[in-house]
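Structural description and commentary
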Amino acid sequence: MRILLVEPNALKAEETCRHMERAGFTVDHVDTGHNALGMLKSYNYDLAVMDICLPDVDGYEVIRVSRVARVPTPVLILSDEKAATAKVKAFSTGADDYVTRPYESMELTARMQAVIRRSKGYSEPTLRAGQLELCLDSREVRVQGRLVHLTGKEYVILELLLLRKGMVLTKDAFLNHLYGGMDEPEMKIIDVFICKLRKKLQAAGGGQLISTVWGQGYVLRDDGAPFTVPATPSGTPVQAS
């Protein structure tokens, strides 16, 4: 999962990034509100973790402007401010959760995962499609109860496909999620990752869950389930395989 951390204090940012990365998150860090808004409008993050006290505009304003701009990214406030009034203002502005420092690492991870699950419409930590199960908390993937070993990139791709099950995802979307616009490899690397992921799932008995939508991208769906295809400028129908 890709996280935007908005924290002006370099030491706090380093500590929080280290904790999030150990928990399996991919983290981008900015230290101002304006930079946060730019990143939120440009990239599709699973969660923004934000301090209230920023050097240019405060976190409340970042949330307000992002909500007006219809940015769907959920926001968790991580702050030293413990006053109830600060929490009430954060929630009324549009924050999804509020954690105060000092925090327990395990609690922060659990709260982040819970916010992300709710934002995707899931109440449980396990995502399912057919015989496939992916646990967001443990990052384990199983088919028919048997553990499937995936590389880090393969896991992130499968997680993204499951969180957006039934939606066609372009190769650009995968590149953005994996690399966030930084040091991106050639687009064909996505085909390589998908090919290896398919082989591992099929070998484990998961069947053909990932379909290619020609000219569009890839989609994960349960057998026989409909899927959403982005509109094409020419109106030409696309095919899935």
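Residues numbered from 1 in each chain as written. Predicted model: local features only at pLDDT ≥ 70, side-chain atom pairs only at ≥ 80, totals over all residues. Heavy atoms only, no water.

Let us now look at the sheet that holds strand S4 (residues 75-79). Taken together, the 5 strands give an open sheet; going across it, the order is S2-S1-S3-S4-S5, and neighbouring strands pair in parallel fashion. Either end of the sheet is taken by a strand with one partner, and the two such strands are strand S2 (26-30) and strand S5 (97-100). Looking at each pair of strands side by side, their axes are set apart by 20° on average, direction ignored. Inspection of the sheet shows strand S1 (residues 2-6) paired to strand S3 (residues 47-50) by 4 bridges, in the parallel sense. Counted as the bridge partner of Ile3 is Leu47 from S3. Across the face of the sheet, helix H4 (residues 84-93) comes into contact with S4 and S5 while running at roughly 150° to S5. (Pairing = 2+ DSSP bridges. Helix = DSSP H or I, 4+ residues; strand = E, 2+ residues; numbered from the N terminus. Axes fitted to C-alpha atoms, helices over the stretch in contact; angles between N-to-C directions. Contact = heavy atoms within 4.5 Å.)

Turning our attention to the sheet that holds strand S7 (residues 132-135). Sheet architecture is open: 4 strands sit in the order S6-S7-S8-S9, paired in antiparallel fashion. Looking at the sheet topology across the chains shown, the edges are occupied by strand S6 (126-129) and strand S9 (146-148). When strand polarity is set aside, the average angle formed by the axes of neighbouring strands in this sheet is 30°. Looking at chain direction, strand S8 (residues 140-143) and S9 are connected through 3 bridges and run antiparallel. Across the sheet, Arg142 pairs through a bridge with Leu147, a residue of S9. This element, helix H6 (residues 152-163), spans S6, S7 and S8 of the sheet and lies at about 105° to S7.

Another aspect to go through is the confidence of the model for the protein. A residue-level look at the protein finds 89% of positions with pLDDT of 70 or above and a mean pLDDT of 86. Confidence scores differ between elements of the protein, with helix H7 (residues 171-179) showing the lowest mean pLDDT of 84 and S3 the highest of 96. A low-confidence stretch, residues 229-241 stays under pLDDT 50, and its non-local contacts, those more than four residues away or across chains, total 23 contacts. (pLDDT = per-residue confidence, 0-100.)

With that settled, consider the packing of helix H3 (residues 59-68) against H4. Where H3 contacts H4, the two axes come as close as 9 Å, and the packing angle between them is 15°. For the element pair H3 / H4, the angle class is roughly parallel. In terms of crossing hand, the pair formed by H3 and H4 is left-handed. Touching Tyr60, Ile63, Arg64 and Arg67 of H3 are Ala86, Lys89, Ala90 and Thr93, all from H4. (Parallel < 35°, antiparallel > 145°, perpendicular 65-115°, else oblique. Left-handed = near helix turned anticlockwise from the far one by under 90°.)

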